Amino acid sequence: MKENHNPNHPPGSGAETPEEISRRKFFRDISLIVGGCTALGLAVPAVGFIFAPLTRRAPNVWRTVGKVEAFKIGETVDVHYEDASPVPWAGVTARTAAWLRRETADQFVAFAINCTHLGCPVRWLPQARLFMCPCHGGVFYENGAVAAGPPERPLTRYPVRVVNGEVQIETAPVPIMT
Amino acid sequence: MIRRTLKRAWDWLDDRVGFTETFGPMVTHLVPRGARWWYVFGSATLLAFMIQVLTGVALAFSYIPSTAHAYETLQFITNQAPLGHFLRALHYYGASAMVLMVGLHMAQVFLFGAYKYPREMTWITGVLMLGFVLVMGFTGQLLRWDQTGVWSVIVAAEQVGRVPLIGDWLARFTLGGDTVGGATLSRFFAFHVFIMPAMVFAFVGIHLLGVLRHGISPPPKPGEFVSRKTYKQEYAEHIKKDGVPFWPDSAWRDVVFGAAMAGSIVILALAFGPPELGKPPDPSLIDAYPRPDWYLLWYFAVLALLPKGTETLFMVFGPMLVGLWLIAVPFISRRGERSPLRRPWAWAAVLLVVMMISTLWVAGARSRWSPNFNVQSLPEKIVGTSSGPVAAGAQLFYMKGCLNCHLIQNEGGHRGPDLTSIGAQRTKEQLVLTILGGRGNMPAYANNLTPEELNAITAFLESRGSQVGKPR
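Residues numbered from 1 in each chain as written. Chains lettered and ligands numbered in written order. Predicted model: local features only at pLDDT ≥ 70, side-chain atom pairs only at ≥ 80, totals over all residues. Heavy atoms only, no water.

Participant: Is there a simple way to think about the overall build of chain B in this case?
Facilitator: Broken down by element type, chain B carries 20 helices and six strands. For chain B, the C-alpha radius of gyration of 29 Å lies well beyond 23 Å, the compact-globule estimate for 472 residues. In terms of overall dimensions, chain B has C-alpha extents of about 95 × 55 × 45 Å along its principal axes. A burial count over chain B gives 47% of its 472 residues as buried. When contacts within chain B are restricted to residue pairs at least 6 apart in sequence, those whose partners lie at least 24 apart make up 75%. Of the roughly 24400 Å² that chain B leaves accessible, carbon and sulfur atoms contribute 67%. Of the charged side chains in chain B, 41 are positive and 29 negative; the average position of the first set lies 9 Å away from that of the second. (Helix = DSSP H or I, 4+ residues; strand = E, 2+ residues; numbered from the N terminus. Rg over C-alpha atoms; globule rule 2.2 N^0.38 Å. Buried < 20%, exposed > 50% of the residue type's maximum accessible area, 1.4 Å probe, protein only. Contact = heavy atoms within 4.5 Å. Areas by Shrake-Rupley, 256 points an atom, 1.4 Å probe, with all protein chains shown as cover. Lys, Arg positive; Asp, Glu negative; His and termini not counted. Charge placed at Lys NZ, Arg CZ, Asp CG, Glu CD.)

Participant: Explain the overall build of chain A to me, please; I cannot follow it from the model alone.
Facilitator: Counting its secondary structure elements, chain A contains one helix and eleven strands. Going from N to C terminus, chain A has its helices and strands arranged as α-β-β-β-β-β-β-β-β-β-β-β. Relative to the globule expectation of 16 Å for 178 residues, the C-alpha radius of gyration of chain A, 31 Å, shows a markedly less compact shape. Along the three orthogonal principal directions, the C-alpha set of chain A runs to about 95 × 40 × 25 Å. At a minimum sequence separation of 6, the contacts of chain A that also span at least 24 residues come to 45%. For chain A, the centre of its 18 positive side-chain charges and the centre of its 16 negative side-chain charges are spaced 1 Å apart.

Participant: What should I look at first to understand helix H1 (residues 18-50) of chain A in this one?
Facilitator: Three or four residues apart is the spacing at which side chains of an α-helix point the same way, because the helix has 3.6 residues per turn. Between its first and last C-alpha, H1 of chain A extends 47 Å over 33 residues, near the 48 Å set by a 1.5 Å rise per residue. Of all the bends found along H1 of chain A, the most pronounced is centred on Ala-43 of chain A and spans about 25°, while Pro-45 of chain A, a proline, follows it within four residues. (Expected span 1.5 Å × (residues − 1). Bend = angle between axes of the 7 residues up to and from the residue.)

Participant: What is the right way to look at the domain arrangement of chain B in this model?
Facilitator: Much of the literature gives interface size as the accessible area that the parts lose upon coming together. Split into domains, chain B comes out as domain 1 (24-366) and domain 2 (380-462). Here the C-alpha centre of domain 2 of chain B lies 46 Å away from the C-alpha centre of domain 1 of chain B. (Domains from an automatic or database assignment.)

Participant: I keep staring at a nonpolar patch on the surface and nothing clicks. Help me out?
Facilitator: All names here are of chain B. A contiguous nonpolar surface patch, about 1000 Å² in accessible area, is contributed by Trp-10, Trp-12, Leu-13, Val-17, Phe-19, Phe-23, Met-26, Val-27, Leu-212, Trp-247 and Val-255. Of all the secondary structure elements, the ones that give two or more residues to the nonpolar patch are helix H1 (2-17), helix H2 (19-27) and helix H11 (246-272). Topologically, Leu-13 is positioned in helix H1. (Patch = residues over 30% accessible without salt bridge, like charges linked within 9 Å, V, L, I, M, F, W, Y side chains within 5 Å. Salt bridge = Lys/Arg side-chain N within 4 Å of Asp/Glu carboxyl O.)

Participant: I'm lost on the pairing of strand E11 (residues 166-170) of chain A in this one. Help?
Facilitator: Walk down a regular strand and you will see the side chains alternate between the two sheet faces. Residues and elements named next belong to chain A. Buried residues dominate E11, accounting for four of its five residues. Bridge count between strand E1 (residues 62-67) and E11: five bridges; the pairing is antiparallel. The partner of Thr-64 across the bridge, within E11, is Gln-168. Where strand E10 (residues 160-163) and E11 come together, four bridges link them in antiparallel fashion. The residue bridging Val-162 from the neighbouring strand is Val-167, located in E11. A loop of two residues connects E10 with E11, the two strands running antiparallel in sequence, and Asn-164 in this loop sits at a positive phi of about 50°. (Pairing = 2+ DSSP bridges.)

Participant: I would appreciate a short explanation of empty space enclosed by the protein in the present structure.
Facilitator: Scanning all chains against the criterion turns up two cavities of 30 Å³ or more. As for the largest cavity, its lining consists of 19 residues, and the residues nearest its centre are Thr-96, Asn-114 and Val-174 of chain A together with Thr-179 and Pro-283 of chain B. Those elements giving two or more residues to the lining of the largest cavity turn out to be strand E3 (95-102) of chain A together with helix H7 (147-160) of chain B. Class assignment for the residues of the lining of the largest cavity results in twelve nonpolar, five polar and two charged. Reported here for the second largest cavity is a volume of approximately 40 Å³. Here the residues of the lining of the second largest cavity are counted per class, giving five nonpolar, two polar and two charged. (1 Å grid on protein atoms, 1.4 Å probe; cavity = no way out; pocket = protein on both sides within 12 Å on 5 of 7 lines; lining within 4 Å. Points joined across faces, edges and corners; volume = space filled by probe spheres on them. Nonpolar A, V, L, I, M, F, W, Y, C, P; charged D, E, K, R; others polar.)

Participant: Can you help me understand the interface of chain B and chain A in this one?
Facilitator: Taken together, the 61 residues of chain B in the interface contact 58 residues of chain A. Here chain B and chain A share two salt bridges between them. A salt bridge links Asp-282 of chain B to Arg-95 of chain A; the nearest nitrogen and oxygen atoms lie 2.8 Å apart. Counting across the interface, chain B meets chain A through 28 residue pairs in polar contact (both at pLDDT 80 or more). Contributing elements (two or more residues each) for the side of chain B that touches chain A: H7, helix H8 (167-175), helix H12 (297-305), helix H13 (311-332) and helix H17 (402-405) of chain B. Top contributing element to the side of chain B that touches chain A by residue count: H8 of chain B, with seven residues. (Polar contact = N/O pair within 3.5 Å; in protein donor to acceptor, adjacent residues only side chain to side chain.)

Participant: Before we go on, may I ask you to explain the confidence of the model for chain B in this structure?
Facilitator: The predicted coordinates ought not to be read in detail in places where the model reports low pLDDT. Residue and element names in this part refer to chain B. Mean pLDDT over chain B: 93, with 99% of residues reaching 70 or higher. By mean pLDDT, the top-scoring element of chain B is helix H3 (residues 41-60) (98), and the lowest-scoring one is strand E4 (residues 336-337) (88). Low pLDDT (under 50) marks residues 467-472, which in the prediction has 14 contacts with non-local residues, meaning those over four places away or in another chain. (pLDDT = per-residue confidence, 0-100.)

Participant: Where do I start with the environment of Lys-279 of chain B in this structure?
Facilitator: All names here are of chain B. Position of Lys-279 relative to the elements: it lies in the loop between H11 and H12. Judged by its relative accessible area of 40%, Lys-279 is partly exposed. Sequence-wise, Lys-279 and Asp-146 are 133 residues apart; in three dimensions their C-alpha atoms are separated by 5.7 Å. Look past the residues within four positions of Lys-279 in its chain and what remains in contact with it is Tyr-71, Asp-146, Gln-147, Leu-285 and Asp-287.

Participant: Hey, could you run me through the packing of H7 of chain B against H8 of chain B in this one?
Facilitator: Between two packed helices, both the angle of their axes relative to each other and the distance between the axes serve to describe the pair. Residues and elements named next belong to chain B. Where H7 meets H8, the closest approach of the two axes is 7 Å, and the angle between their N-to-C directions is 160°. With respect to H8, the element H7 is oriented roughly antiparallel. Here H7 runs over H8; the crossing is right-handed. For the pair H7 and H8, contact is made by Val-153, Ala-156, Ala-157 and Val-160 and by Gly-167, Leu-170, Ala-171, Thr-174 and Leu-175, respectively. When grouped by side-chain class, the residues that make up the contact of H7 with H8 number seven nonpolar, two polar and no charged. (Axes fitted to C-alpha atoms, helices over the stretch in contact; angles between N-to-C directions. Parallel < 35°, antiparallel > 145°, perpendicular 65-115°, else oblique. Left-handed = near helix turned anticlockwise from the far one by under 90°.)

Participant: Would you take a moment to explain the sheet that holds E1 of chain A for this structure?
Facilitator: All names here are of chain A. Spatial strand order, E1-E11-E10: three strands in an open sheet with antiparallel pairing. Bordering the open sheet on either side are E1 and E10, each of which pairs with just one other strand. Each adjacent strand pair in this sheet contributes to an overall mean axis angle of 35°, direction not counted.

Participant: Please clarify how the sheet that holds strand E5 (residues 123-125) of chain A should be interpreted in this entry.
Facilitator: Backbone hydrogen bonds are what pair the strands of a sheet, in a parallel or an antiparallel way. Residue and element names in this part refer to chain A. Spatially, the four strands line up as an open sheet ordered E5-E6-E7-E8, and their pairing is antiparallel. Two strands in the sheet have a free side with no partner beyond their single neighbour: E5 and strand E8 (146-148). Taking the axes of each pair of neighbouring strands and ignoring which way they run, one obtains an average angle of 35° across the sheet. Both strand E6 (residues 130-132) and strand E7 (residues 139-141) contribute to a ladder of three bridges, which runs antiparallel. Residue pairing across strands places Leu-130 opposite Tyr-141, the latter belonging to E7.

Rendered as structure tokens:
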């Protein structure tokens, strides 16, 4: 077989034979195809792994936050519980909180602690009966409606239920204002 | 004897590897003679980056990027590990220097018109690296993984969440799931120590290729125009006639300035230490006060001061438009005059940006839009009495949260107007109307005050300030 690697006939010099041109084109194309496929084959699992959280939704679960009698009617308190899918290495980061108010003997309401402007944790001022945000000054009434500042939407509410004398809140994703 | 042996060893190594042959022409390439102190900011940025790599690698020997342990390892690095306190401080001030130097380098290149033909790609890679530097700064703050770190992740997720159609996706990608948790920190760690530095290395390479290929642009002279037809030939002639080797004729200034910058970083690190670690990264601790590091404080102010309803538009398209505009600069102004003496609009643009960022930075540092959560009830000295409706009103003014946002003789918050003299400016009816119905950024208190409480608060407010000039 004729040697194709000919330094006297570099590609594009115009001195190559049709056979050389054909072989060079074949080697170029096959190298690009094989190399591209290999890169793609390696990239797919890596990129898929990085983007995997997008396809995994944590299940919503009910978390007990206390006995009914531990909450006074009309009082708003912060309650702490574990999020829906704590992993062993999450540590304290797996903890989350909500503002819980006992409205009547058997009715509770729970608000996300996240301001609907940019997610900072709102604080409850019991005498003022207002939630205030330390970041950009968002203020919410006790029913979660916007009272002042940049937020445009009311505080997010979480489902609450009473089971066997225990108050339970349903876990939820961080409320993202899309 | 030893010298000769070393020389022989070096010659052998150089022959086999080809250091001199490969890098010699690079370090001795000719540069314009007039390239003086204005040209040191690029190399200083690169040096700051190398300091970050060095200190970052050292910190990685002890830092554990796990949400459960990162905070504790940082406390160990800061308080127990030998030199850990100093190393963290070096990393912090190195980051600050990098942001500062990249800003100065960009301003100098812009003012000298050095982005024009044929150096468009050098400018564009620089713009992209500015983005990488800011991302590294932000992700670096998160790696502190204290309370501010956790809330900064949530604020970031909220911002990207506003992107139309894919916002929810981006927010979940940022958090590494539905909430801050086990997957959150490690992805920011990967961005901070692998992806972004790799991008910076790659783009520094392209950036320097551009510098070597097109040379350092000579200091501009008024009346010397850039023309696509003649520029390359003119530059070649100029360099041939008046060029000096980069090393050492020009590089000594880079070395001196770089050493001064590194010295400043060391002095700052020794004098002020690393940024304080806040409370633990527990998202259920509600008493948080998240603030970005100084280089993003101005953007924090922007988010607070935007007119209501425009945030989404701004957060999504603002950074995008700024980036696109910066990339478009060499195509909008591709030829012609380079001298800053003949380009007043270039000065105006730089001054505008500097003034805007400085003003917003001061506003961000003051954060006067935030309620003051550290207020105490007003002392008798300010109230003027310890009994009666005025004293009761003063106590209610504190309890009902009014003092969180309003000042009375320098006590209280800055969110609302200073009410030190409100009694001289408003009638009782006006006060009642505002308190009950709210006004602008003030909540309505109609459902939150008894008639007695309302009377007491208005009595207190009426007692504020001189009665002179009060509307009748």
